[in-house]
Amino acid sequence: MAGYLFRRVLQAALILLGVSFITFVLLYVLPADPVRQIAGRSATQQTVENIRQQLGLDQPLLVQYGRYLAGLVQGDLGRSYLQRTEVSTLIASRLPASLLLMAGGILCELVIGLTLGVIAALYRGRPLDQGLMVTSFVAVSAPQFVVGLLLLYVFAVQLGWFPIGGYGTAAHLVLPAVTLGIMGSGWYSRMMRSSMIEVLRQDYIRTARAKGLTRGRILFRHALPNAILPIIAMIGIDIGIFMGGIVVVESVFGWPGIGQLAWQAIQRVDIPVIMGVTMVSAGFIVLGNLLADIVTPFIDPRIKMR
Amino acid sequence: MIVPQQAIVAPLLSVQGLTISVRDRGVVRPLVSNLSFDLRPGETLAIAGESGSGKSITSLALMGLLPANVSVTSGQLLLNGVDLARLPETRMRPLRGARIAMIFQEPMTSLNPVQMIGAQLTEAIRAHEPVSQAEAKVAAIEALRQVRISEPARRMRQYPHELSGGMRQRVMIAMALALRPAVLIADEPTTALDVTVQREVLDLLRDLQAKTNTAVILITHDMGVVAETADRVIVMQSGRLVEEGTAAQIFAEPRAAYTRELLAAVPRLGAGAERAAPVPPEAPIPIARLTKASVHYDVGANFFGRPTHRVHAALGVSFDIRPGETFGLVGESGCGKSTIAKALAGLVPHHGLIEIGGKPTSSLKAHERKALRRDIQMVFQDPMAALDPRMKVGDAVEEPLVIHRIGTPAERRARVEDLFRRVGLSTEQMSRYPHEFSGGQRQRICIARALVLRPKLIICDESVSALDVSVQATVLALLQELKDEMGMSYLFISHDMAVVENVVDRLAVMYLGQIVEMGTRDQIFGNPQHPYTQRLLDAVPIPDPARRARDYLRPSGEPPSPLHPIGEAPTLADLIDIGGGHLVAKS
C-alpha cells in the first residue's frame, strides 16, 4: 500500500510536470502579446520593452519555463500581470465557490443518473426505458450554455423559483449545479443501465432469487453494489470534464469561481493566472483519479493494489 | 415402473403433464412437453439428458425462476399438494430456499463476489427464519461444518474469490441445506469441478441426504454421476421423457433406443484396453521435444513495484511427441497442462528447451517462427468463443491460408471445401455464421481450421470437454480418422481420464506444474504407480450402479498453492524408470 501510493504520487508529479510544460509552450507560441495588454494601446515602444524586461518575457523559452518551475516547486504560482496580486491568493479566494459547484454537480449527476439508469434497466425494452434513454441522449448532446440559459429562462425568469445569478445561498447553487451535472447524468444513466443489465443476468443474482430473497433486497444488496463498481472509476475522470464545464457554467451564472477567473485571464492573456488555474485543475484531476483507484479495492475485494 | 415399497410413500413432489413454452417474437414453442414424474421423501431422482433436453428449464420451473419469456403453459407442479405453477410470487418466494432449494452448475459465479461468505449465508437464513444476526451466524457456521469445510468460522469472513471451486460449491450446498428444505434441486452440481473434487462433493451430497432425508433432484448429462448417486432415473430428450426407471434398470436393461445410444456413447475407463493398436515407435527426430521446460508468472509487488512471488505454472517438464502419435496430458485445473500447450505453440515465454522438428524454438528467426506456427495448430475447448461471431465459417477456415499466403483464391476455396466435406459438413454451410451451428458442428469447423495448413501437430486443449457425450464420441472418432488418413500427431489435453484412455498412445500425468507419471496408456491405466494418478483414476465415476464406491470422507481445505516467494523454487521431483519407459516421480 505504501509503495503503491508512493509510486502513484510520483506518477502524478510527472503528469503535472508534463501538463505545465505543454501549457507553457502553448502560451508562449500564442500570437497574443501579454505585454501589450498590460501597457495599454497608448504606450510607447520603450515602455513596452521595459515591461517585457521586467517580467522576464524577453528571455528564451526554456529559461522562462525553468524560472516558473523553480517557483512552482516552492508553491509560488507567480503574480497576476493585471491584478497585481499573487496568483495563489486569487485562486484560493475563488476555489471554495468552484469546489462547492463541483460537489453540487457531482451529487446532481450521480443522483439523477444512477436512479434513472437503474429504473431503465429494470424496465428494459419497455416504453419507460426507451423514453429515459432518449432523454439521456438529449442530456448528453445538449451544449452546457444552452442548458444553462434554458434553465435560467424557465426557472429564474419565468417561474422565479431561483435567483438569476450570483452566489451566496443554497438557492443560488441549484441551477448552476443542475446545469453542470445534467450532461454527466446522461452518461451515468446509460452506463448504469448497461452495467445493471449485465449484473442482473449474473448467476449470483439467480442464487439470490433461489434463496427466496425479496426483490428489494436482491436489488440493493446484490445488484447495486456490483453494478456501481465500473462507475466509480468514471467519477475520477469526471472531475476533469467538470473542470472544463465550470468555465462555461460560471460565466453563464456569474458564479465567482476559478472557471470565471480562467475565462477573464484568457481574454486578457494573463499568463500566470492561466498557468495557475491549469495547474490547480490538473492537480484535481490527478487527485480524483488517484482517489477513485484507492477507493475501488475497499468496495471490490477482488482488486488488490499493486 | 414403480417398485412396490416406494409406492406406499406418498410423493412429496408430483409433476403432472408439465408443458413449458418459450414465446419468441410472437411464436410459442414448447421446451418441455407433457412431463410427469413423482419424487418421494429422501430419494434421489436423476434427470438425465443432453443439452436442449429441457432438464434445466424443468428445474427452473420448479423454483419459479423461469425467464420472463418462458412460462408453464399446462400441467401441475404439486409440492405437498400445492401447485407451484399457479402460485403467485408473494407466496412462491417464502418457499424458495426454505422448502425447495437449488444449487447450480457454476460455483465460480454463483456467489456474490463483493459480499463475504458469512453475509450470504446468514442472509439466506434470515430471509425465512425470525432469528437474530447472531443466531443466524451460529446456524451458518454449523451449516459450513456440515459440508465439511475446514475452519468454518474463518471462512465466514472470506470472499468467494478466496475459495476454490470445490469449496464454493460446498458453500452453495451449505446455503441450500441450511434451512432443511424438503426438496433440493442440484443442476449439474459437479460438472464444472475437477474429478477428485466431484467425487468429494457427490459423496457429501449423499451423506447429507441420508442425514436429513431431503429429496434430491439431480440434473446431469453425466451417466457416470447418475449411476453413482441416483435411486431412480428419468431420461429426457428434446423436452420429452423417453424412459423412466430405477438406476439399476436403466443401466442394466435400457428400453428406449435413445437411452441405449446415450449409454453406448459414455466413455468408460477400461474400454480403451480393447483397442490394441501398437504405440508408434520412437523416431530419430520427434515432432516436438520438451527438455526441462518451465513457465512461470511473477505476481505481487513490493515497495518498488517489483514482484515478490512467482507462480510456477510448469516446472521442468520433459517429454517428446513421436510422429503419428497421440500424446495425452492429464491433470486437474491449474496443473499446468494448458500452460505447456501454450508454450509449445509459442504463445507464452518459456525457460528450458522446446524443440519442434529438431529445431529449438528460442533460436528461430521471425520468418522461421511463422513457418513453425503452420506446423502446430490448436483446437480449443469452447468452439463458440474460438470462432469470430461476425465471420462466415468458410472464411474462418480459409483465413490461415490467407495469413500464410498459400495458394490462389481458387485453390484455397477448393481446399476449404474439401475440408468441410472431410469433417462431415456440407459446402453450402460455408457461408453461414457460427451461431447457426450446434456445438459439435462448431468444433468440426475448428478442426477444419486447424487442418487447413496441414500441420504436423494438433494440440487439442479440452477439445471435447464441452460437448454432449454422443457428440463427443463422434468428434473423437473424427479425430482418429483424420489421424489415420493424414498421419499427424496430437497433443491431447484433458481432465477426463476415460476419454484420454480411449484416444491416447502415451500420456503424462501432471500435478502442480510437474509431471508425476509418464508412460504408455497400458502402463498408466494398467499399473498406475504415483498416488496422485491412483487418486485421479479412483475418482472417475463409473457408469454402473452395481459398482458404487464410497470411501472419500475428509474435510476440504485449499489445494496446495503453486505460488512461491521469488528465489524459493519448488523442489523438482526426479522421475524414475520402473521399466519399459514407465516414469514415476519419487515422492
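Fair warning: this is a prediction, and the values are worked out from it, not measured in the lab. (Residues numbered from 1 in each chain as written. Chains lettered and ligands numbered in written order. Predicted model: local features only at pLDDT ≥ 70, side-chain atom pairs only at ≥ 80, totals over all residues.)

Side note on the overall build of chain A
Reasoning step 1: The secondary structure content of chain A amounts to 13 helices and zero strands.
Reasoning step 2: In chain A, the succession of α and β elements from N to C terminus is α-α-α-α-α-α-α-α-α-α-α-α-α.
Reasoning step 3: Its C-alpha atoms give chain A principal-axis dimensions of about 85 × 55 × 30 Å.
Reasoning step 4: Burial status across chain A gives 34% buried among its 306 residues.
Reasoning step 5: Summarising the internal contacts of chain A: among those between residues at least 6 apart in sequence, 71% fall at separations of at least 24. (Helix = DSSP H or I, 4+ residues; strand = E, 2+ residues; numbered from the N terminus. Buried ≥ 20, exposed ≤ 12 C-beta atoms within 10 Å, placed from the backbone. Contact = placed C-beta atoms within 7 Å.)

Looking at the domain arrangement of chain B
Residue and element names in this part refer to chain B.
Reasoning step 1: For chain B, the assigned domains are domain 1 (1–95 + 219–264) and domain 2 (283–385 + 455–585).
Reasoning step 2: Distance from the C-alpha centre of domain 1 to the C-alpha centre of domain 2: 38 Å.
Reasoning step 3: Contacts between the two partners involve 15 residues from domain 1, matched on the other side by 10 residues from domain 2.
Reasoning step 4: Secondary-structure elements contributing two or more residues to the side of domain 1 that touches domain 2 are α9 (223–229), α10 (247–252) and α11 (257–265).
Reasoning step 5: Counting residues per element, the side of domain 1 that touches domain 2 draws most heavily on α9, at five residues. (Domains from an automatic or database assignment.)

Remarks on the interface of chain A and chain B
The extent of an interface is frequently quoted as the accessible surface area lost upon association of the parts.
Reasoning step 1: Listed as interface residues are 22 residues of chain A and, on the opposing side, 29 residues of chain B.
Reasoning step 2: Of all elements in the fold, only α1 (2–29), α9 (203–210) and α10 (215–227) of chain A reach the threshold of two or more residues within the side of chain A that touches chain B.
Reasoning step 3: Element by element, the count of residues in the side of chain A that touches chain B is highest for α9(A), at six residues.

Notes on helix α7 (residues 165–177) of chain B
Residue and element names in this part refer to chain B.
Reasoning step 1: In this model, α7 (13 residues) spans 18 Å end to end at C-alpha, consistent with the 18 Å of a helix rising 1.5 Å per residue.
Reasoning step 2: The buried fraction of α7 is high, at 12 of 13 residues.
Reasoning step 3: By the burial criterion, the buried members of α7 are G166, M167, R168, Q169, R170, V171, M172, I173, A174, M175, A176 and L177. (Expected span 1.5 Å × (residues − 1).)

As for the nonpolar core
Reasoning step 1: Counting 173 residues, the largest nonpolar core has A174(B), V183(B), L344(B), I459(B), L491(B) and V509(B) as the members making the most contacts within it.
Reasoning step 2: No other element matches α7(B), which puts eight residues into this core.
Reasoning step 3: Those residues in contact with L491(B) that lie beyond four places of it in its chain are I321(B), F327(B), L329(B), A341(B), L344(B), L457(B) and I459(B).
Reasoning step 4: Of all hydrophobic cores here, the second largest spans 57 residues; its members include A97(A), A120(A), A177(A) and V247(A). (Core = buried A, V, L, I, M, F, W, Y, C linked by C-beta atoms within 7 Å.)

What about the sheet that holds strand β18 (residues 489–494) of chain B?
All names here are of chain B.
Reasoning step 1: Strand order in this open sheet of eight strands is β16-β17-β18-β13-β19-β20-β23-β22, and the pairing throughout is mixed. Only two strands of the sheet have a single partner each, and these edge strands are β16 (376–379) and β22 (575–577). Averaged over all adjacent pairs, the angle separating strand axes in this sheet is 20°, with direction ignored.
Reasoning step 2: Sheet analysis places strand β19 (residues 506–511) next to strand β20 (residues 514–520), joined by six bridges and oriented antiparallel. Residue pairing in the sheet places Y511 in a bridge with Q514 of β20.
Reasoning step 3: Strands in contact with helix α20 (residues 531–539) are β19 and β20; relative to β19, the strand with the most contacts, it is inclined by about 100°. (Pairing = 2+ DSSP bridges. Axes fitted to C-alpha atoms, helices over the stretch in contact; angles between N-to-C directions.)

With respect to the UniProt feature "transmembrane region" (unreviewed entry) in chain A
Residues and elements named next belong to chain A.
Reasoning step 1: Residues given the UniProt feature "transmembrane region" (unreviewed entry) here are residues 12–30, 99–122, 134–155, 167–188, 227–253 and 273–299.
Reasoning step 2: Taken end to end, residues 12–30 has its terminal C-alpha atoms 27 Å apart, with 95% of it in helix and 0% in strand.
Reasoning step 3: In residues 227–253, helix accounts for 96% and strand for 0%; the two terminal C-alpha atoms are 35 Å from one another. (UniProt positions renumbered as here; feature names shortened; annotations may be inferred.)

Concerning the domain arrangement of chain A
All names here are of chain A.
Reasoning step 1: The assigned domain composition of chain A is domain 1 (2–73) and domain 2 (91–299).
Reasoning step 2: The distance between the C-alpha centroids of domain 1 and domain 2 comes to 33 Å.
Reasoning step 3: Tallying the contact residues gives 12 residues for domain 1 and 11 residues for domain 2.
Reasoning step 4: Those elements giving two or more residues to the side of domain 1 that touches domain 2 turn out to be α1 and α2 (34–39).
Reasoning step 5: No other element matches the nine residues that α1 contributes to the side of domain 1 that touches domain 2.
Reasoning step 6: In the side of domain 1 that touches domain 2, the residues fall into eight nonpolar, three polar and one charged. (Nonpolar A, V, L, I, M, F, W, Y, C, P; charged D, E, K, R; others polar.)

Considerations on unusual backbone geometry
Reasoning step 1: For N80(B), which is not a glycine, the phi torsion comes out positive at approximately 50°.
Reasoning step 2: Looking at the secondary structure, you find N80(B) in the loop between β4 (70–79) and β5 (82–83).

Side note on the environment of G54(B)
Residue and element names in this part refer to chain B.
Reasoning step 1: Tracing the sequence through the fold places G54 in the loop between β3 (44–48) and α2 (55–63).
Reasoning step 2: With 34 residues separating them along the chain, G54 and I20 place their C-alpha atoms 8.9 Å apart.
Reasoning step 3: Those residues within four positions of G54 in sequence are excluded, and the remaining contacts are L31, V32, M236 and G239.

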